[in-house]
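Now for the letters of each chain:
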Amino acid sequence: MLVDITKSPTAENSAIRLHAADNVAIARVAIAPGTELRIEGVVVTAADAIPAGHKIALHPIAAGEMVLRYGQAIGRAKAPIAPGQHVHTHNLGFEELVFRYEFPEEERAVGRLKTCPTFRGYVREDGRVGTRNYIAVVAASNCAAHTVERIARSYEDETLPEGVDGVVGFPHGEGCGHSPGSPDMEQLRRTLSGVLVHPNVSAAVIVGLGCEDNQIEHYLGAGAARSGRLAGLTMQGSGGTRGAVEAARREIARFIERAAAERRTEAAASKIVLGLNCGGSDSFSGITANPALGRCSDLLAETGGTPVLAETPEIVGAEHLLVRRARNRRVAEKLLACIAAYKRYLERFEGSSFDDNPSPGNKAGGLTNITEKSLGAVAKGGTSTLVEVYEYAERIGCSGFAFMNTPGYDPVSLAGLAAGGCNLIAFTTGRGSAIGFPTIPVIKIATNSNIYRNMTGNMDLNAGAIADGEKSVEELGREIFETVLEVASGRRTCAERMGHREFVPWRIGPVL
């Protein structure tokens, strides 16, 4: 059983109808065949075994008729579906829907709170505020990846001064075999640059082999940002791996001294840039954790902070809801352009489709197709006006709710959000995704109580309390917001305590 609810299941509470127009309900618990359910005046007897989180038909659904969840179409019935039957991949098909978009007719105002909560962070020269104080060691290419790991590991047994969160490595498999001057190289450089000058990074070292396509001079030239906090070296110029480790440690020694002198000071919550991500989603994601995170997003946007939704494949089928909320037509069309470009990207690979996105775990958790997944995923963005849309790893500079064009693949999406300047990430999961990031605290929010209990060491908050009837979306949303402020001020997340430091840039072009 996926979810154990604390309230005893009854005919009235064993399934949830999310919208008056829906012709399906969502099972809160595993429902046995023959079980009678009474859902908002509709009496139905389960004809099949319905796993927790899965859909049960409330009314007869003809072949070719749309199935509705959240009051929105999620696909067409492949065959007639009788009341009480299980609705999933065997009888529900996917199609790319065509929408008549409701574009904003004029510029929308963005409201703000008169008072703003605060947190304690590290104020940087460019006005951004860090929630952590790391020294980053970044590989320019795969050839320097092992050396970067050795540099970071050399500090594992050292006691660093108070206020220095650690020396962390950014190894990866890119940086050579790219077309020089290609969009792929430009994107990699944008990603690594964002990591090097991130507000959670006090100082950084960029390490290369010396002959790769991605030369370290790109980051150290006259136009490089924060040059006093950035050093670079190559293995060829430092005497190989051992020499590079020693040279990097000499640079890091002075950076640590500087970082140790930095102190947390009070800052407005408007300085929080909160990445919104989900992974290992289940059918409860769109009922519990995502709407609650959406409420937190609205609270942050009201302060002038910046919640940033991502994962372009996971808004497909729900993009019309975001278009309706856009600040102006330019922003709406920029969002749609991201989807169109992503579709062209997929078409380069024969047989690929947006509906390839739901994983086996997503489907086991009750999500049938990408449309159903997307309708739940966009709930993380709350109801605030969409003020801006950014490309992958582009510097985020707006105030208010924004979107970034990233893949749905979690480590790649997080890398883009991080490079854009997110100083915190909130991550909802129904299947227990345990990802983190080297320099950014990732807050894990379980969508159901069972995964929270089974993976307590990985989960910071339990949104399953909503399905259990113990908390409302509003209550959990405010709890997430308070947790965001506490983590921004230094409270460690489970992912940090577990040492999760995944980093995977987005490789989009050919390997040469």
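For the structure itself, consult the block above.
Below or above, wherever it landed, is the structure these notes cover. Keep in mind that what you see is a predicted model, and the values were worked out from it rather than measured.

What follows deals with the pattern of salt bridges. One pass over the structure, following the stated rule, counts 29 salt bridges. The partner of Glu372 in a salt bridge is Arg69, and the shortest N-O contact between them spans 2.6 Å. You can see Glu372 sitting in helix α10 (residues 370–377) and its partner Arg69 sitting in strand β6 (residues 66–69), a full 303 residues away along the chain. For the pair shown, Glu372 and Arg69 are each scored as buried. Across the pair Arg330 and Glu388 runs a salt bridge, and its minimum N-O distance is 3.0 Å.

This paragraph deals with helix α14 (residues 473–488). An ideal rise of 1.5 Å per residue puts 22 Å on 16 residues; α14 measures up with 22 Å between its terminal C-alpha atoms. Those residues of α14 not exposed but buried are Leu476, Gly477, Ile480, Phe481, Thr483, Val484, Leu485, Val487 and Ala488. Backbone geometry just after α14 places Gly490 at a positive phi near 130 degrees.

Strand pairing in a sheet is mediated by backbone hydrogen bonds. Such pairs are either parallel or antiparallel. Strand order in the open sheet made by the three strands is β10-β9-β15, with antiparallel pairing throughout. Bordering the open sheet on either side are β10 (129–130) and β15 (265–268), each of which pairs with just one other strand. Sheet analysis places strand β9 (residues 118–123) next to β10, joined by two bridges and oriented antiparallel. What sits directly across from Val123, in β10, is Val129.

Bringing unusual backbone geometry into the picture now. Phi is positive for Glu311, which is not a glycine, with a value near 70 degrees. Turning to its location among the elements, Glu311 is positioned in the loop between β17 (306–309) and α7 (319–323). For Glu311, a relative accessible area of 0% gives the class buried. Phi is positive for Ala393, close to 65 degrees, though the residue is something other than glycine. Relative to the elements of secondary structure, Ala393 occurs in the loop between β18 (386–390) and β19 (401–404).

Secondary-structure assignment places Thr447 in the loop between β21 (442–446) and α12 (449–454). On the basis of relative accessibility, which here comes to 0%, the residue Thr447 falls in the buried class. With 240 residues separating them along the chain, Thr447 and Val207 place their C-alpha atoms 40 Å apart. With residues up to four places along the chain from it excluded, the contact list for Thr447 reads Asp282, Phe284, Ser285, Thr288, Ala289, Thr429, Gly430, Ala463 and Gly464.

In this section: the side chain of Ser283. Structurally, Ser283 is set in the loop between β16 (273–278) and α6 (289–302). Ignoring anything within four residues of it in the chain, the contact list for Ser283 reads Ile26, Gly53, Arg69, Gly365, Gly366, Leu367 and Glu372.

The next point concerns the sheet that holds β19. The strand order across the open sheet built from seven strands is β18-β19-β17-β16-β20-β21-β22, with neighbouring strands paired in parallel fashion. The strands lining the two open edges of the sheet, one partner per strand, are β18 and β22 (461–462). Here five bridges tie β16 to strand β20 (residues 424–429), and the two strands are oriented parallel to one another. Each bridged residue has a counterpart across the sheet, and for Gly275 the counterpart in β20 is Ile425.

What counts and what doesn't
Residues numbered from 1 in each chain as written. Predicted model: local features only at pLDDT ≥ 70, side-chain atom pairs only at ≥ 80, totals over all residues. Heavy atoms only, no water. Salt bridge = Lys/Arg side-chain N within 4 Å of Asp/Glu carboxyl O. Helix = DSSP H or I, 4+ residues; strand = E, 2+ residues; numbered from the N terminus. Buried < 20%, exposed > 50% of the residue type's maximum accessible area, 1.4 Å probe, protein only. Expected span 1.5 Å × (residues − 1). Pairing = 2+ DSSP bridges. Contact = heavy atoms within 4.5 Å.

What is shown is where atoms sit, not what they do.
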